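Overview (structure and organization)
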Amino acid sequence: MSSHASTVDPKKAELWDTHHHSHDVISTRTLGYFLYLLSDGMLFATLFAAYGVLSYQHSYFGGPTPAEFVKPWYTFAQTIALFLSVLAYGFGMNALKHKNKSGLINGMLAAFVLGVVFLVLDIHDMSHLYSMGITLASSGGMSAFMVLTQVHATHIFFGLIWILVMIAQVMTKGFTEETVGRLLTLRMFWHLQAVIWVFVYIFVYLWGYIS
């Protein structure tokens, strides 16, 4: 049994596809934003590494350590607030699938309120530290602690602004391609903050408390 290989004239072969193909704008943008989130994850990985290096007793220079001021029940309340915020946003996105504008807005409003609760608790915690005389200049260990936790809090702050902007866009523009794409990228951003907080809560607060 013989097989005949097909021959191709090199002069007529099409080596490059020059035709224009349409792309799904939403999926393309969410992929691009996912790549950005990977770089954001690298930022937090760097901060966690710095905290790991500076979390030993000698890095506090005899000053206060997390074991002296961390209250696990307090940060657990922050954890619940942030997780419920993510859950509320998830309910809003489920309403989006059913083209339920009021359900989406209500879910985003609930996510916003719970995110504000998380941020208020964080501000109160930092204010308490400053009232105790604990600042960035206290020691290298405290610098790493505060920078890591407050970079995360800054992400939450801008995420809350983003939620308000998206609520306004949904109310004025409805479910356009631009709006839906931004809602999906916001969901990715908001979920990432919850994931990062898990590591902050375990390796910074709980580990600092028991050590």
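Residues numbered from 1 in each chain as written. Predicted model: local features only at pLDDT ≥ 70, side-chain atom pairs only at ≥ 80, totals over all residues. Heavy atoms only, no water.

Residues lying three or four places apart along an α-helix face the same way, a consequence of the helix completing one turn every 3.6 residues. With 34 residues, helix α6 (residues 177–210) extends 49 Å from end C-alpha to end C-alpha; this agrees with the ideal 50 Å at 1.5 Å per step. Approximately 30 degrees is the largest bend angle found in α6, and it occurs at Y201. (Helix = DSSP H or I, 4+ residues; strand = E, 2+ residues; numbered from the N terminus. Expected span 1.5 Å × (residues − 1). Bend = angle between axes of the 7 residues up to and from the residue.)

The next point concerns the nonpolar core. Grouped together as the largest cluster of nonpolar side chains are 52 residues, with contacts concentrated most on M108, F145 and L183. Looking at this core, the elements that each hand over two or more residues are α1 (25–54), α3 (72–97), α4 (101–131), α5 (140–173) and α6. If we skip the residues at most four places from it in the chain, M108 touches Y89, I163, M166, I167, L183 and L186. (Core = buried A, V, L, I, M, F, W, Y, C linked by side-chain atoms within 4.5 Å. Buried < 20%, exposed > 50% of the residue type's maximum accessible area, 1.4 Å probe, protein only. Contact = heavy atoms within 4.5 Å.)

Turning to the packing of aromatic side chains, a few remarks are in order. Evaluation of the coordinates by the stated rule reveals 11 aromatic pairs. Here the aromatic residues F69, F118, F145, W197 and Y205 are joined through ring pairs into a cluster of three or more. (Phe/Tyr/Trp six-rings, centres within 6.5 Å; stacked < 30°, edge-to-face > 60°.)

What follows deals with the packing of α4 against α5. Across the interface, α4 lies against α5 with an axial gap of 9 Å and an inter-helix angle of 155 degrees. As far as their axial angle goes, α5 and α4 are roughly antiparallel. Crossing hand, α4 versus α5: left-handed. Looking at the contact of α4 with α5 residue by residue, the classes come out as 24 nonpolar, four polar and two charged. (Axes fitted to C-alpha atoms, helices over the stretch in contact; angles between N-to-C directions. Parallel < 35°, antiparallel > 145°, perpendicular 65-115°, else oblique. Left-handed = near helix turned anticlockwise from the far one by under 90°. Nonpolar A, V, L, I, M, F, W, Y, C, P; charged D, E, K, R; others polar.)

A cluster of nonpolar side chains, F83, V195, V198, F199, I202 and F203, forms an exposed patch at the surface whose accessible area comes to about 510 Å². In terms of residue count, the dominant contributor to the nonpolar patch is α6 (five residues). As for its placement among the helices and strands, V198 is situated in helix α6. (Patch = residues over 30% accessible without salt bridge, like charges linked within 9 Å, V, L, I, M, F, W, Y side chains within 5 Å. Areas by Shrake-Rupley, 256 points an atom, 1.4 Å probe, with all protein chains shown as cover. Salt bridge = Lys/Arg side-chain N within 4 Å of Asp/Glu carboxyl O.)

What follows deals with the pattern of salt bridges. The full count for this structure, using the stated rule, is one salt bridge. A salt bridge links R182 to E178; its shortest N-O distance comes to 3.4 Å. Remark: E178 and R182 occur in helix α6; sequence separation between them is four residues, near one turn of the helix. Using a relative accessible area of 31% as the deciding quantity, one classes R182 as partly exposed.

So, about the UniProt feature "transmembrane region" (unreviewed entry) in the protein chain. In the numbering used here, UniProt assigns the "transmembrane region" (unreviewed entry) feature to residues 33–53, 73–92, 104–123, 156–176 and 188–210. Each end of residues 104–123 is marked by a C-alpha atom, and these two atoms are 28 Å apart; helix forms 100% of the span and strand 0%. Here residues 156–176 is 86% helix and 0% strand, with 26 Å between the C-alpha atoms at its ends. (UniProt positions renumbered as here; feature names shortened; annotations may be inferred.)

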